[in-house]
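Residue strings, one per chain:
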Amino acid sequence: DTIKGDFKFSAIPSYFMTILPKTFSKFIKEFPEINVQMTEKETFEILNEVKQNQIDFGLIASFEPELLDQEEFLFDILLEGKVQVFVSKNSPLAYCDTLTPPELVNETLVTYNGSTISSFINDFFNKYGAMKILFTSNNTEVIKKTVAEGLAIYFNYDLGQSSHHYVVNGDIVPIPLVGHDRTNIFFGLVRSKKKYFSAAAREFIKQLKQQIAKGDY
């Protein structure tokens, strides 16, 4: 049977930089007649789109997926990640195996302007005191260049970071954050409890899950 049905979805940038390109190119080669609309957005915007029935599903990250299930959403966990601290190879912190919040509070931070990581940083500041923020940006390249030059440190999830050129060439060192209760992040698929997938969307999700299972990202 030919799979039919167009679908729309939105995803946070982490997916665009890792899992999505391979799944998407494989899927459209296999099913060229299916029209897929894919948009990059932030988690809060995606939840809004799901709520208003503007998209079939979203690919997001959440620290508290159980809260989504209590609302009108269904959240299917695809991957679990961890928050890491990214530091310059020239930083004294680069020699640590792990880092704890008290070791970081006097550091200068650059932050990514995304809703999920912002909620992590707000929670961190509320518990341990505010850190000095050098700047906030949506440009991950600028953020990483700043960290590589030793001007600041950076919090991010581990998904896809190990393949970034600053990490590969050793200019930036990712270090696990420990001693904080909010370091596990869940990457998953969110949809409305009222929405059912088309055959095409189901096939795409199946292929996405297969790719994740293989660790191919």
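These remarks concern the structure in this document. (Residues numbered from 1 in each chain as written. Predicted model: local features only at pLDDT ≥ 70, side-chain atom pairs only at ≥ 80, totals over all residues. Heavy atoms only, no water.)

Focus on helix α9 (residues 199–214)
With 16 residues, α9 should reach 22 Å at 1.5 Å per residue; the first-to-last C-alpha distance of 23 Å fits that figure. Within α9, burial applies to Ala200, Ala201, Glu203, Phe204, Ile205, Gln207, Leu208, Gln211 and Ile212. Among the structural elements, β1 (7–11), α2 (20–30), β3 (57–62), β4 (73–88) and β9 (184–192) are those in contact with the buried residues of α9. With its phi angle positive at about 75 degrees, Gly215 sits one or two positions after the end of α9. (Helix = DSSP H or I, 4+ residues; strand = E, 2+ residues; numbered from the N terminus. Expected span 1.5 Å × (residues − 1). Buried < 20%, exposed > 50% of the residue type's maximum accessible area, 1.4 Å probe, protein only. Contact = heavy atoms within 4.5 Å.)

A word on helix α3 (residues 43–51)
Among the residues making up α3, those that are buried are Thr43, Ile46, Leu47, Glu49 and Val50. The arc that holds every buried residue of α3, seen down its axis, measures 160 degrees, which confines them to one face. As for α3, its buried residues are in contact with β1, β3, α4 (65–70), β4, α6 (115–128) and β9. Immediately downstream of α3, the backbone of Asn53 shows phi near 65 degrees, a positive value. (Arc of directions from axis to C-beta.)

With respect to the pairing of strand β5 (residues 108–112)
Of all five residues making up β5, five are buried, and the element is well covered by its neighbours. Where burial is concerned, the two faces of β5 agree: the one with Thr108, Val110 and Tyr112 and the one with Leu109 and Thr111 are both buried. In this region the chain leaves β5, passes through α6 and returns to the parallel neighbour strand β6 (residues 132–137); the handedness of that crossover is right-handed. (Right-handed = clockwise from strand over helix to strand, strands pointing away.)

Here's the deal with the nonpolar core
Counting residues in hydrophobic clusters, the biggest one holds 70 residues, and the most contacted among them are Phe7, Phe9, Phe57, Leu59, Leu104, Phe155 and Phe187. At eight residues, the largest contribution of residues to this core is made by β4. In this view, Phe155 contacts Val83, Gln84, Val85, Leu104, Leu109, Ile117, Phe120, Ile121, Phe124, Met131 and Leu177; residues no more than four positions away in its chain are not counted. (Core = buried A, V, L, I, M, F, W, Y, C linked by side-chain atoms within 4.5 Å.)

Looking at the packing of aromatic side chains
Throughout the structure, instances matching the rule amount to 18 aromatic pairs. Pairing Tyr157 with Phe187 gives two aromatic rings, centres 5.3 Å apart and planes at 80 degrees, and the pair type is edge-to-face. One end of the pair, Tyr157, is in strand β7 (residues 154–157); the other, Phe187, is in strand β9, and 30 residues separate them in sequence. Summarising the burial analysis for this pair, Tyr157 and Phe187 share the class buried. Counting every residue linked through ring pairs, the aromatic cluster contains Phe7, Phe9, Phe27, Phe31, Phe57, Phe197 and Phe204. (Phe/Tyr/Trp six-rings, centres within 6.5 Å; stacked < 30°, edge-to-face > 60°.)

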